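# Survey of secondary and tertiary structure
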Amino acid sequence: MNAHDAVPDDVRTAYEAACTRLLSLQSDDGSWEGEMEWNTTILSQYVIVLRVLQRPPDEGSRQGMVTHFRNTRTPEGGWGMHPAAPPSPYATVLAYVALRLLGLGPGDPLTAGARKWLGTQPGGARCVPQWGRFWLAVLGIVPYREVAPFPPEAMLLPRWFPLHPERLLGWTRMLYQAMSYLYGARFRADLGPLADALRGELFTTPATPSAPGPDVVFPRGRLLRALQQCLRGWERVHSRRLRRAALERCHHAVVDEQYASPVHGLSSVNALMECLVLFAHDRRHPMLDAAVARLEYWRWADEKNGVRICGERSLVWDTTFAVQALLAAGPQHRSEQAASALHKACTYLRAARITTYPGLNPPLRKVIGGWAFSDGDSRWPVGDCTAEAVDALLGARDALGSGAGPAGTDGPLPPRSLSGALDVILDRQNRDGGFGTLDRQRTGRWLDVLNPTEMFAQCMVDSSSVDCTGSALTALARMRGLLPPRERRRADAAIRRGATYLRSAQNPDGSFAGTWGINYTYAAFHAARGLRAAGAPPDDPALRLLGHWLTATQLADGGWGEDWRGCVEQRYIALDHALPEMTSWAVLAGLDTLGPGNPSVAAGVRWLCTAQEPDGSWSDDHVNAVFFATMVINYRLYAAYFPTLALGRYLRAVTPITPRGAA
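The structure reproduced in this document is the subject of the present report. This structure is a prediction, so every number in the text was calculated from the model and none was measured.

Looking only at helices and strands, the protein features 25 helices and five strands. Expected size for 663 residues packed as a compact globule is a radius of gyration near 26 Å; at 25 Å, the protein falls within 12% of this value. Each principal axis of the C-alpha distribution contributes one length, and for the protein these read about 80 × 55 × 50 Å. Considering only contacts in the protein between residues 6 or more positions apart, those separated by 24 or more positions represent 73%. Split by element, the accessible area of the protein, about 25,700 Å² in all, is 53% carbon and sulfur. On the protein, the mean spot of the 69 positive side-chain charges and the mean spot of the 64 negative ones are 8 Å from each other.

In this sheet, strand 3 (residues 306-309) lies alongside strand 2 (residues 299-302) in antiparallel orientation, the contact comprising four bridges. Paired with aspartate 302 across the strands is glycine 306, a residue of strand 3. Taking the residues between adjacent antiparallel strands as the criterion, strand 2 and strand 3 are bridged by three residues.

The strands that make up a sheet are held in pairs by hydrogen bonds between backbone atoms, and each pair lies either parallel or antiparallel. Ordered in space as 1-5-4, the three strands form an open sheet in which the pairing is antiparallel. Whereas interior strands pair on both sides, the edge strands pair on one side only; in this sheet they are strand 1 (36-37) and strand 4 (625-627).

Before going further, it helps to examine the packing of helix 17 (residues 415-427) against helix 19 (residues 485-505). For the pair helix 17 and helix 19, the least separation of the axes is 11 Å and the interaxial angle reads 30 degrees. As far as their axial angle goes, helix 19 and helix 17 are roughly parallel. The handedness of the crossing between helix 17 and helix 19 comes out as left-handed. Each of Ser419, Leu422, Asp423 and Leu426 in helix 17 lies in contact with helix 19, whose residues at this interface are Glu487, Arg490, Ala491 and Ala494.

One can find threonine 474 in helix 18 (residues 466-479). Overall, the relative accessible area of 13% leaves threonine 474 in the buried class. Within polar-contact distance, the side chain of threonine 474 engages the backbone oxygen of glycine 470 at 2.8 Å.

Let us look at the side chain of arginine 353. Along the chain, arginine 353 falls in the loop between helix 15 (336-351) and helix 16 (383-400). Buried charge arginine 353 goes without a salt bridge, the closest partner of opposite sign being aspartate 423 at 9.5 Å. A polar side-chain atom of arginine 353 sits 3.2 Å from a polar atom in the side chain of serine 417.

Turning to the packing of helix 3 (residues 41-52) against helix 4 (residues 59-72), a few remarks are in order. Contact geometry for helix 3 and helix 4: axes closest at 11 Å, N-to-C directions at 150 degrees. Relative to helix 4, the element helix 3 is oriented roughly antiparallel. In this structure, the crossing between helix 3 and helix 4 has a hand that is left-handed. On the side of helix 3, the interface is formed by Leu43, Ser44, Tyr46 and Val47, while helix 4 contributes Met65, His68 and Phe69. By residue class, the composition of the contact of helix 3 with helix 4 is five nonpolar, two polar and no charged.

A few words on the packing of aromatic side chains. Applying the stated criterion across every chain, the model contains 29 aromatic pairs. Ring geometry for phenylalanine 150 and tyrosine 176: centres 6.1 Å apart, planes at 50 degrees, overall tilted. Placement of phenylalanine 150 in the loop between helix 7 (130-138) and helix 8 (170-185) and of tyrosine 176 in helix 8 is noted, with a sequence separation of 26 residues between them. Among the residues examined, phenylalanine 150 registers a relative accessible area of 6% and is labelled buried. Taken together, a centroid distance of 5.9 Å and an interplanar angle of 45 degrees make the contact between phenylalanine 456 and phenylalanine 628 tilted. In this pair, phenylalanine 456 is assigned in the loop between helix 17 and helix 18 and phenylalanine 628 in the loop between strand 4 and strand 5 (631-635), connecting sequence segments 172 residues apart. The residues phenylalanine 456 and phenylalanine 628 share a single accessibility class, namely buried. Joined through ring pairs, the aromatic side chains of Trp317, Phe321, Phe373, Tyr522, Phe525, Trp585, Tyr635, Tyr638, Tyr641 and Phe642 make up one cluster.

Definitions and limits used
Along each chain, residue indices are assigned from 1 in the same order as the chain's sequence is written. In keeping with the predicted nature of the model, local features appear solely for residues at pLDDT of at least 70, side-chain atom pairs appear and are counted solely at 80 or more, and the whole-chain, interface and lining totals rest on all residues. Each side-chain value is worked out from all heavy atoms of the structure, with water and hydrogens disregarded. Strands here mean DSSP runs of E at least two residues long; helices mean DSSP runs of H or I at least four residues long; both are numbered from the N terminus. The atom set for the radius of gyration is the C-alpha atoms, and the globule formula is 2.2 Å times the number of residues raised to the power 0.38. When checking whether two residues touch, look at their non-hydrogen atoms; a contact exists if any pair is within 4.5 Å. In short, Shrake-Rupley with a 1.4 Å probe defines the accessible areas, and a residue's cover is counted only from the protein chains shown. In this charge count, Lys and Arg are treated as positive and Asp and Glu as negative; neither His nor the chain ends contribute. For charged residues, the charge sits on one atom: NZ in Lys, CZ in Arg, CG in Asp, CD in Glu. For two strands to pair, DSSP has to find at least two bridges joining them. Simply put, an axis is a line fit to the C-alpha atoms, just over the touching stretch for a helix, and the angle between two N-to-C directions goes from 0 to 180 degrees. Roughly parallel refers to an angle under 35 degrees, roughly antiparallel to one over 145, roughly perpendicular to one between 65 and 115, and oblique to any angle outside these ranges. In this scheme the crossing of two helices becomes right-handed for a clockwise turn of the near helix relative to the far one and left-handed for an anticlockwise turn of less than a right angle. Remark: exposure states derive from per-residue accessible area (1.4 Å probe, protein chains only) relative to the maximum for the residue type, with buried under 20%, exposed over 50%, and partly exposed in between. We call two N or O atoms a polar contact when they sit within 3.5 Å, provided that within protein one can donate a hydrogen and the other can accept it, with sequence-adjacent residues counted only if both atoms are side-chain atoms. The term salt bridge refers to a pairing of a side-chain nitrogen on Lys or Arg with a carboxyl oxygen on Asp or Glu at a separation within 4 Å. Amino acid classes used here: Ala, Val, Leu, Ile, Met, Phe, Trp, Tyr, Cys and Pro are nonpolar; Asp, Glu, Lys and Arg are charged; the rest, including Gly, are polar. Pairing of aromatic side chains here covers Phe, Tyr and the six-membered ring of Trp, requires ring centres within 6.5 Å, and sorts the geometry by plane angle: under 30 degrees stacked, over 60 edge-to-face, intermediate tilted.

As C-alpha cells, then:
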C-alpha cells in the first residue's frame, strides 16, 4: 500500500481542520495578520523617543510596557535579541534605560536583575555594539566620540560615488540619513539628573578597552577601522558651512519620507529615528505631531504580553499565503465559507496595491503597481511581496473565475494592474539574474566590508536571494500568458535569467541558503517552486540534487527542523525534533522534486497530520524567520498557513479529479 492509498483521508481531515482554523483568523476587512515577534529593543527605543520628545505615555500604556519587559526577561535577568536567544548586552542595556525612563528605580527587581547580569559581562555595559552606543549618546549618557562616525556629508557626494547612501539597501539608507543628522548635529536629550544616574548605574568601572561583546557577530575589519579613523579626523576639521548643508540635505530627505509615507513609514525603527530628526531640527516642527501619531501604527498590545512595538506589519504578506493555502487543495475540498473568505481577501489585496506616490522627489525605484509587505498605505513596494500578491490573485481568478473581482473587471487583477506589477518585479532583478527586495543592487557586495553595525549582515546592498527569486519566477510564470507580446518577452527573459541564478546559487550538496526564513528548508521551498515555474521538470539535475538533500536531512520522526544558529554560522544545523514550518517547506519542495508518492514526502505529510492540535493549529512558539542574517524572529501565522498549504497541495496531488457531472 503506497502513500496514494493510505494517506488522503487523514490529510483531508487535517486540511479541513487547518482551513477552519485559518478562516477563524481572518479579519473583517478580509486580511490576515500575525504578530512578528522579535525582541524588546524597538519598544526600548520607543520609550526613549517619547521621553526625548517630552511626550510620556499614559499610565495604562506605561504599565503595559513594563508588563512586556517583565514577560520577556530571560532567566538570567536580561533580555535577548529574539525569543530563543540568551541575554544580549544591547537589548538589556536599552531595556534597562527604558525601564528607568518609565519610572522604575534602580532597586526594582527588573532593573536590579538586569544590572547584575550586565556586571557578569566583560566590560559590562561598555560591550554594547555601536548601535547601542548611538542611543546612549542621544541620551547624553556617553559622548559621541565613543560612537562610530556617521558623517552627514556623505549625502553631498555625487550620486555615482560608490559610498553615496543612495547605493545602500532601502532600510539602511533611510536609517543612515536620520542617524547621520543626529550624529552631525551632536543632538543630545536633556534628561537632567537622570543622565548622571544612568551613567553611574551602567558604567561601574573606568573606561578601558574591552573585547567585543556577544552581540558583535561581525567585528570591524581593518579597512572599516581605517575608514572610521579617517572620518574621526574629518570630524575635527570639517567645514561648518558644509556641515550645515549636509544636515539640511538629511533633513530634507526625512521630510520627503514624511510626504511619501503619510500614514506610516518604512519600518518602526525608521519612523522613530525620523521623529528625532524633526525634533532636533525644530522642536515645533510642523510635521512632528503627524510623525509621532504615525508611531501608533507599530503598536501591538494584548492583556497577556502587554504593550510592545513591532518591527514590521505583515498584512499583505500573510494574506497572500493564506489565500494560497485556501486554494491549495482545489475546488473539491473548498467550502462555501472558504470561497467567501477568498472573495474578501481578494478585495483587500486589490485595495492594498500601491497606486500613488506623494513624495516630493521621484523615488529611486518603481513604485506604482506593486505591493508592500505591510498594507496599501505603504509607499515601499517589495519585489517578493508583489510577486506573492500576483500569484494569490491570479490563483483566485483561476479558481473562482471572474467572480473573484468586482463587476466590470477582468477578475481580481486587471491587465493594467498586471503591467504595473510586472514593472515592479522586474525593477528588482539584479545583474546576476536574481531578485532583491526594495531596490535593485546599486553597488557590489564589497560594500559589506564597510558594514558598521557589528550586529547585522547582508544589510548594506539589496543583493539577490533565492527566496525572492523563487517568488518572482512563480509570479512571472503565472502572469506571462496574460501579458501582451512585448511584456511577455520581458517576462520570459527575466525567467531565464532568474533560473540561471538559482542554479548558480545551489550548493554542492543540493541545498540552497535562505535569506529571510530559517533557512535551508525555507530556501528549498522557494528554489524548487521557482525552478519548476521556469519550466524545469522534476527530474532536472538541480531538482534531483535538491531532492536528495531533502531526504538526507529528514529527521527520524518524519519531519524537518532547523536550528536558527545556522543563519549566523551559514550552515545547515538540524534540530532533534521537527517543526511545522520547516516540515511544510520541505514537503512543498519535495512535491516539486521527489513527487507525492515518495516515502519522504508521505512521512512529512504524516508528521504534519499527527502534530496538528485538535483545533486545527500547530505549535507557533518558536522562531522561524530571519532578517539581516542574524535578527531572528517568529511570524506567528507561519505555523497556520504553511502547513495548510503543504497539506492542500499534497491532497490535490494524490486525489483523483472528479469530472464535472460525475456522481
